[in-house]
Amino acid sequence: MTKHADIIIVGGGVIGSSIAYNLLNDGFEGKIIVFEKDRMYEFSSTPRSAGGIRQLFTTSVNVLLGKFGIETYRSFPEKMAIDGERAEIDFEQAGYLFLAKNDTEMKHLEQQMMLQHSHGVMSELLKKDDLLAIVPELTIDDLAGGLFSKEDGYLDPYSVMQGYAKKAKQLGAQYVFDEVDTILTDRNGVQGIRTYSGDIYHAPLVINCAGPWAPELSEKIGLPIPVVPLKRQIIQFDIAKPLSKKLPLTVDPTGVYFRHEGETIISGFSEKVKPGIDFTWKRSFFTEQLWPVLAERVPNFEKAKIKSGWAGMYSYNTIDQNAIIGEHPELNGYYLACGFSGHGMQQGPAIGKGLSELIRTGNYETIDLTPLRFERFAEKDLVIEGAVV
């Protein structure tokens with residue numbers, strides 16, 4: 001069976017759904033079909049993320065992407081409402097806090113802060129004693145200070161994804177729950193896709209938003225991308241003695257992060273793992289890697305009881321750990337929106353807006369996403385981000 005569309009989006013998570021929504025909301029009048037192989041989104045990267053939203057980055061493009069995300073999520077429930085029903089996403093602006101253990105790290109944080117301030121992000125450099133005003137239970141003996149942004153925070157990723165998808169559907173996007181086998185091409189460029197069930201859909205433009213499955217899809221058409229799937233575990237636990245204040249998403253100098261999830265705590269860490277799709281999680285990850293750091297940093301975490309855990313996938317850009325956005329230079333009509341390396345949820349709003357502009361007008365208007373083009377790898381014009389968690 002052969003069908004037709006103007007744009008095909010492969011991957012219906014937050015990135016693909018944001019692109020579909022923004023295109024239609026900005027006035028695109030063609031037919032958009034979004035393919036999602038996981039009808040229940042059980043293994044989608046979006047709902048398995050930690051839900052952190054921040055502006056605390058070391059490169060201008062990432063600061064601006066984060067700022068746009070914050071602004072979008074503030075008004076998301078109203079803007080994405082359908083028939084008067086708000087699209088609640090539980091966005092808590094409890095802040096983001098990076099901790100530093102010495103003067104060298106503090107100087108790096110100060111440099112970050114100056115860049116952030118230049119883009120209107122009012123982050124604060126805190127001395128060690130000032131940290132206690134944010135997290136009163138924090139152990140600060142081995143710390144020099146930290147960098148805090150009160151506008152940042154965390155939200156419910158699944159609700160964001162559903163909000164975008166429902167609004168995109170209301171505006172006319174069609175969602176097909178089938179797996180794309182390959183992208184079809186000829187000498188002129190993209191021609192469409194073929195699903196594993198054998199259906200062919202013709203379209204002159206295909207956007208690869210397949211997350212950890214994006215590199216496999218691109219490899220099939222002879223256009224490899226420097227992205228691999230890496231497992232990231234998150235553990236949710238209860239503590240015997242509650243904290244006195246709501247936690248910001250706090251990043252320890254070791255890389256271990258923690259935040260509130262309702263009355264519980266969730267925590268994770270970018271452990272060294274072999275590339276591959278793997279959704280298993282282990283209690284030993286908490287007891288051996290997370291808990292020793294957590295108990296040292298916050299005494300309340302010494303008595304902890306694991307409530308649950310899960311694993312999701314980072315679509316890890318092996319070259320500079322930043323997103324790859326825009327049309328592939330070697331294939332007309334083939335667009336990429338992948339390799340977010342853990343930042344897809346927070347950058348989804350701006351990426352959707354940017355690709356809507358690029359596809360409709362040929363240019364970026366709101367934020368210049370040119371630094372994230374695929375060509376940067378060959379040009380040795382990398383985006384080196386110093387704040388990757």
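Thresholds applied
Residues numbered from 1 in each chain as written. Predicted model: local features only at pLDDT ≥ 70, side-chain atom pairs only at ≥ 80, totals over all residues. Heavy atoms only, no water. Helix = DSSP H or I, 4+ residues; strand = E, 2+ residues; numbered from the N terminus. Buried < 20%, exposed > 50% of the residue type's maximum accessible area, 1.4 Å probe, protein only. Contact = heavy atoms within 4.5 Å. Areas by Shrake-Rupley, 256 points an atom, 1.4 Å probe, with all protein chains shown as cover. Lys, Arg positive; Asp, Glu negative; His and termini not counted. Charge placed at Lys NZ, Arg CZ, Asp CG, Glu CD. Phe/Tyr/Trp six-rings, centres within 6.5 Å; stacked < 30°, edge-to-face > 60°. Lys NZ or Arg CZ within 6 Å of the ring centre and 35° of its normal. Axes fitted to C-alpha atoms, helices over the stretch in contact; angles between N-to-C directions. Parallel < 35°, antiparallel > 145°, perpendicular 65-115°, else oblique. Nonpolar A, V, L, I, M, F, W, Y, C, P; charged D, E, K, R; others polar. Pairing = 2+ DSSP bridges. Salt bridge = Lys/Arg side-chain N within 4 Å of Asp/Glu carboxyl O. Polar contact = N/O pair within 3.5 Å; in protein donor to acceptor, adjacent residues only side chain to side chain.

**Q** Could you clarify how one ought to interpret the overall build of the chain in this entry?
**A** Looking only at helices and strands, one finds eight helices and 20 strands in the chain. Along the first, second and third principal axes, the C-alpha atoms of the chain reach 65 × 45 × 40 Å. The 389 residues of the chain split such that 57% are buried. Counting contacts in the chain only where the partners sit at least 6 residues apart, residues at least 24 apart contribute 73% of the total. Accessible area of the chain: about 16,400 Å², with a carbon and sulfur share of 49%. If you average the places of the 40 positive and of the 51 negative side-chain charges in the chain, the two averages end up 3 Å apart.

**Q** Teacher, can you tell me more about the packing of aromatic side chains here?
**A** Each aromatic ring pair is characterised by the separation of its centres together with the angle its planes make. Inspection of every chain in the model, using the stated rule, returns eleven aromatic pairs. Both rings, one in F43 and one in F279, keep their centres 4.7 Å apart while their planes meet at 45 degrees; by these two values the pair is tilted. Within this pair, whereas F43 is found in the loop between β3 (32-35) and β4 (52-53), its partner F279 is found in the loop between β17 (264-268) and α6 (283-297), the two being separated by 236 residues in sequence. On the basis of relative accessible area, F43 is assigned to the partly exposed category, the value being 33%. Here F258 and F301 contribute two aromatic rings whose centre-to-centre distance is 5.4 Å and whose plane-to-plane angle is 85 degrees, an arrangement assigned as edge-to-face. You can see F258 sitting in strand β16 (residues 257-261) and its partner F301 sitting in the loop between α6 and β18 (304-317), a full 43 residues away along the chain. With respect to burial, F258 and F301 carry one shared label: buried. Through successive ring pairs, a cluster of aromatic residues spans Y21, Y73, F76, F91 and Y164. The ring of Y175 carries K169 above its face, with NZ or CZ at 4.9 Å from the centroid.

**Q** Where do I start with the packing of helix α2 (residues 60-79) against helix α7 (residues 344-361) in this structure?
**A** Packed helices, taken two at a time, are described by the angle their axes make and the gap between the axes. One way to put it is that α2 packs onto α7 with a least axis distance of 7 Å and a crossing angle of 90 degrees. Here α7 runs roughly perpendicular to α2, going by the angle between their axes. Seen from α2, the contacting residues are N62, L65, F68, G69, T72 and Y73; seen from α7, they are M345, Q346, Q347, P349, A350, I351 and K353. Class assignment for the residues of the contact of α2 with α7 results in seven nonpolar, five polar and one charged.

**Q** What's the story with the pairing of strand β2 (residues 7-10) in this structure? I'm lost.
**A** Looking along a regular strand, one sees the side chains alternate between the two faces of the sheet. Of the two faces of β2, the one holding I7 and I9 and the one holding I8 and V10 are both buried throughout. Where β2 and strand β13 (residues 206-208) come together, three bridges link them in parallel fashion. Each residue of the ladder has a partner; that of V10, found in β13, is N208.

**Q** Any chance you could explain the pattern of salt bridges here in plain terms?
**A** Any two side chains of opposite charge can pair, on the condition that their charged atoms come close. Following the criterion strictly, the structure yields 16 salt bridges and no others. Close ionic contact of K37 with E179 constitutes a salt bridge, the shortest N to O distance being 3.7 Å. Taken together, the positions of K37 in the loop between β3 and β4 and E179 in the loop between β9 (174-176) and β10 (180-186) put the pair 142 residues apart, joining distant regions of the chain. With a shortest N-O distance of 3.8 Å, K246 and E92 are connected by a salt bridge. Highlighted residues: K246 in the loop between β14 (227-239) and β15 (249-251) and E92 in the loop between α2 and β5 (96-100), separated in sequence by 154 residues. Look at the salt bridges and you will find they share partners, linking D26, K353 and R360 into a network.

**Q** Is there a simple way to explain the environment of D26 in this structure?
**A** Mapping D26 onto the fold places it in the loop between α1 (14-25) and β3. Relative accessible area serves as the criterion here: at 23%, D26 is assigned to the partly exposed category. Taking the C-alpha atoms as reference, D26 lies 8.3 Å from E357; in sequence the two are 331 residues apart. Setting aside chain neighbours within four positions, we find D26 in contact with K353, S356 and R360. At a separation of 2.7 Å, a polar atom in the side chain of D26 contacts the side chain of S356.

**Q** Explain the sheet that holds strand β12 (residues 200-202) to me, please; I cannot follow it from the model alone.
**A** As a general point, the strands of a sheet are linked pairwise by backbone hydrogen bonds and lie either parallel or antiparallel. Read from one edge to the other, the open sheet built from four strands follows the order β1-β12-β11-β10, with strand pairing classed as mixed. Edge positions in the sheet fall to β1 (2-4) and β10, since each has one partner strand and no second. Each strand axis lies, on average, 25 degrees off the axis of its neighbour in the sheet, ignoring direction. The sheet contact formed by strand β11 (residues 189-195) and β12 spans three bridges and is antiparallel. Looking across to β12, one finds that R194 is bridged to I200.

**Q** What is the right way to read the sheet that holds strand β6 (residues 124-127) from this model?
**A** Spatially, the eight strands line up as an open sheet ordered β6-β7-β5-β15-β16-β17-β14-β18, and their pairing is mixed. Across the chains shown, the open sheet's two edge strands, defined by having one partner strand only, are β6 and β18. The mean angle between the axes of side-by-side strands here comes to 20 degrees, regardless of whether they run parallel or antiparallel. The pairing of β14 with β17 spans four bridges and is classified as antiparallel. The residue bridging I235 from the neighbouring strand is S267, located in β17. Contacting β5, β6 and β7 (145-149), helix α3 (residues 103-118) runs over the sheet at an angle of about 20 degrees to β7. Packing against the sheet, α6 makes contact with β5, β14, β16, β17 and β18, and its axis sits at approximately 60 degrees to β14.

Distances and angles like these do not, on their own, reveal function.
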